[in-house]
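Single-letter residue listing:
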Amino acid sequence: MAGSLRRVRLASASAQARAVARERGLIHLQSPLRRGTRRLFIDHPPPRDKQPNPYKGNRGIMRAWRALKYSLSGFKFAVFEESAFRQELALAAILLPAAVFLPVTSVERVLLIGSVLLVLIIELVNSSIEAAIDRISLERHELSKRAKDFGSAAVLIALGLCLLTWALLAGPVIVERVRTAFF
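Residues numbered from 1 in each chain as written. Predicted model: local features only at pLDDT ≥ 70, side-chain atom pairs only at ≥ 80, totals over all residues. Heavy atoms only, no water.

Let's shift gears to the UniProt feature "binding site: ATP" (unreviewed entry) in the chain. Those residues carrying the UniProt feature "binding site: ATP" (unreviewed entry) are Arg63, Tyr70, Glu82, Glu130, Glu139, Arg140, His141, Lys148 and Asp149 in this numbering. Checked against the lining of the largest pocket, the annotated residues just named reduce to Glu139, Arg140, His141 and Lys148. Mapping Glu82 onto the fold places it in the loop between α2 (60-81) and α3 (83-101). Setting aside its immediate chain neighbours within four residues, Glu82 contacts Phe77 and Ser127. (UniProt positions renumbered as here; feature names shortened; annotations may be inferred. 1 Å grid on protein atoms, 1.4 Å probe; cavity = no way out; pocket = protein on both sides within 12 Å on 5 of 7 lines; lining within 4 Å. Helix = DSSP H or I, 4+ residues; strand = E, 2+ residues; numbered from the N terminus. Contact = heavy atoms within 4.5 Å.)

Turning next to the layout of surface pockets. Volume-wise, the largest pocket comes out at about 180 Å³. Along the walls of the largest pocket sit Ile133, Asp134, Ser137, Leu138, Glu139, Arg140, His141, Glu142, Ser144, Lys145 and Lys148, which together make up its complete lining. Elements with a minimum of two residues in the lining of the largest pocket: α4 (106-136) and α5 (142-169). Looking at the lining of the largest pocket, the element that brings in the most residues is α5, giving four residues. Of the residues that constitute the lining of the largest pocket, the class distribution is two nonpolar, three polar and six charged. (Points joined across faces, edges and corners; volume = space filled by probe spheres on them. Nonpolar A, V, L, I, M, F, W, Y, C, P; charged D, E, K, R; others polar.)

Next up on the list: the nonpolar core. Counting residues in each nonpolar core, the largest one holds 17 residues, and the members touching the most others are Leu102, Leu112, Val116, Cys162 and Trp166. Put simply, the parts of the chain that give this core at least two residues each are α3, α4 and α5. Aside from chain neighbours lying at most four places away, what touches Leu102 is Arg109, Leu112, Trp166, Ala170, Val173 and Ile174. (Core = buried A, V, L, I, M, F, W, Y, C linked by side-chain atoms within 4.5 Å. Buried < 20%, exposed > 50% of the residue type's maximum accessible area, 1.4 Å probe, protein only.)

Attention now moves to the side chain of Asn126. Structurally, Asn126 can be placed in helix α4. Other than its neighbours up to four places away in sequence, Asn126 contacts Lys148, Gly151, Ser152 and Val155.

Glancing now at empty space enclosed by the protein. Here the structure, examined in full by the defined rule, presents one cavity of 30 Å³ or more. Within this model, the largest cavity holds a volume of roughly 40 Å³. Every residue along the wall of the largest cavity is listed here: Glu88, Leu91, Ala92, Val116, Val119, Leu120, Leu159 and Cys162. Put simply, the parts of the chain that give the lining of the largest cavity at least two residues each are α3, α4 and α5. Of the residues assigned to the lining of the largest cavity, the class counts are seven nonpolar, no polar and one charged.

In the structure shown here, the tally under the stated rule is three salt bridges. Put simply, Asp149 and Lys145 hold a salt bridge, and the shortest N to O gap is 2.6 Å. Residue Asp149 and its partner Lys145 are located together in helix α5, separated by four residues, close to a single helical turn. The partly exposed category is assigned to Lys145, whose relative accessible area is 47%. Here Arg179 makes a salt bridge to Glu176, at a shortest N to O gap of 3.7 Å. Pair noted here: Arg179 and Glu176 are both in helix α6 (residues 171-182), with a separation of three residues, about one helical turn. For Arg179, a relative accessible area of 47% translates into the label partly exposed. Classification of Glu176 as partly exposed rests on a relative accessible area of 40%. (Salt bridge = Lys/Arg side-chain N within 4 Å of Asp/Glu carboxyl O.)

Our focus in this paragraph is the confidence of the model for the chain. Confidence in the prediction for the chain averages 81 pLDDT; 70% of positions are at 70 or higher. Below a pLDDT of 50 lies the segment residues 1-13, which in the model reaches 21 contacts outside its immediate sequence neighbourhood of four places, other chains included. Long-range and interchain partners of residues 30-35, a stretch whose pLDDT sits below 50, account for eight contacts in this model, where long-range means more than four residues apart. (pLDDT = per-residue confidence, 0-100.)

Okay, structure coming up:
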């Protein structure tokens with residue numbers, strides 16, 4: 001029953017488990033419903049403070065405008081600072097026009113374009129993971145290495161999916177064009 005409030009009688013939970021859950025902010029108590037019983041709500045913690053986040057003050061069109069500026073700034077930073085992103089962007093500059101002009105169905109065209117864009121998206125996520133890890137600490141740590149390796153593995157899987165998509169959908173079309181042009 002995800003999303004709905006689950007009620008558990010306090011008498012059935014141990015005092016230590018209640019204290020740990022309350023300390024972690026996983027539960028909060030409601031006033032007694034009847035004498036001797038109190039209900040435990042495990043859906044979401046109560047608000048911790050009434051102070052608004054100063055970074056969340058923008059609403060409406062200004063929020064969208066600033067989000068666009070931040071997105072373009074991130075894209076610009078990726079182009080100028082991340083060599084792997086530049087390499088994949090160069091690959092996209094070749095493959096995206098090819099996907100538009102290849103004589104394939106609309107669904108195949110969307111799959112070809114989507115697989116290339118997926119590689120760029122995953123590379124941006126990988127770069128953000130690496131930047132966050134480097135922000136925390138530049139010293140070598142096993143968990144930092146694992147996080148960076150997971151991001152790299154995600155990029156590798158996206159590249160493999162792109163290669164497979166292009167080989168299966170565009171490969172036969174390209175082979176047929178080469179065969180008719182030279183033979």
